[in-house]
Amino acid sequence: MPTVSLHEVGMPRDVTDSDGIKWNCIQAFAGLGKDPEKTEAARVEDSGNRFHVVCTPSGNARSVRIELPEDWEKSLSDEALLSAIQKQRAQEDAK
């Protein structure tokens, strides 16, 4: 099993897109606890240090699940986070 760094897991981030939709993003399974096994559950299989993140919108849009780098809460810009959300929404709409 890969080693998990003990960074602060579960810190939600809020971003607002150009349509005024406020997105609340949090690492998947963050509510399960902070021990390494729970953190590992959110890791994207065979991806190194990428984790599943769930972004829940205000309004009528639906939640999306995206894959982001381990330290996304602190290092990813709002623009990059919104871009990942929009890309995932476009992929889901194309299905």
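Residue positions are counted from 1 within each chain, in the order its sequence is given. pLDDT decides what is reported in this predicted model: residues at 70 or higher carry local features, side-chain atom pairs at 80 or more are listed and counted, and totals for whole chains, interfaces and linings draw on all residues regardless. The side-chain quantities take in all heavy atoms of the structure and omit both hydrogens and water.

*Asks:* Would you take a moment to explain the pattern of salt bridges for this structure?
*Replies:* Charged atoms that come close allow side chains of opposite charge to pair. Salt bridges are counted wherever a side-chain nitrogen of Lys or Arg sits within 4 Å of a carboxyl oxygen of Asp or Glu. According to the stated counting rule, one finds four salt bridges in the structure shown. Arg62 is the salt-bridge partner of Glu92, the closest N and O atoms lying 3.4 Å from each other. Taken together, the residues Glu92 in helix α3 (residues 78-94) and Arg62 in the loop between β3 (50-57) and β4 (64-69) connect sequence positions 30 residues apart. Classification of Glu92 as partly exposed rests on a relative accessible area of 22%. Whether a residue is buried, partly exposed or exposed follows from its accessible area with a 1.4 Å probe, protein chains only, as a fraction of its type maximum: under 20%, in between, or over 50%, in that order. A residue is classified by how much of its surface remains accessible, and Arg62, at 45% relative accessible area, is partly exposed. Taken together, the shared-partner salt bridges connect Arg62, Glu92 and Asp93 into one network. Elements are defined by DSSP. Helices are runs of H or I of four residues or more, strands are runs of E of two residues or more, and each kind is numbered from the N terminus.

*Asks:* Where do I start with the environment of Pro69 in this structure?
*Replies:* For Pro69, the position within the fold is in strand β4. Note: C-alpha distance between Pro69 and Arg50 (19 residues apart in sequence) is 4.3 Å. Should any heavy atoms of two residues lie within 4.5 Å, those residues are considered in contact. Ignoring sequence-local partners within four residues, the contact set of Pro69 consists of Asn49 and Arg50.

*Asks:* Sorry, what's going on with the state of the cysteines here?
*Replies:* Each disulfide consists of a covalent bond between the sulfur atoms of two cysteine residues. The term disulfide is used for any two cysteine sulfur atoms that are within 2.5 Å. Taken as a whole and assessed by the stated rule, the structure comprises one disulfide. Across a sulfur-sulfur distance of 2.2 Å, Cys25 and Cys55 are joined as a disulfide pair. Judged by the torsion about the S-S bond (115°), the Cys25/Cys55 disulfide is right-handed. Remark: Cys55 occurs in strand β3 and Cys25 occurs in strand β2 (residues 22-27); sequence separation between them is 30 residues.

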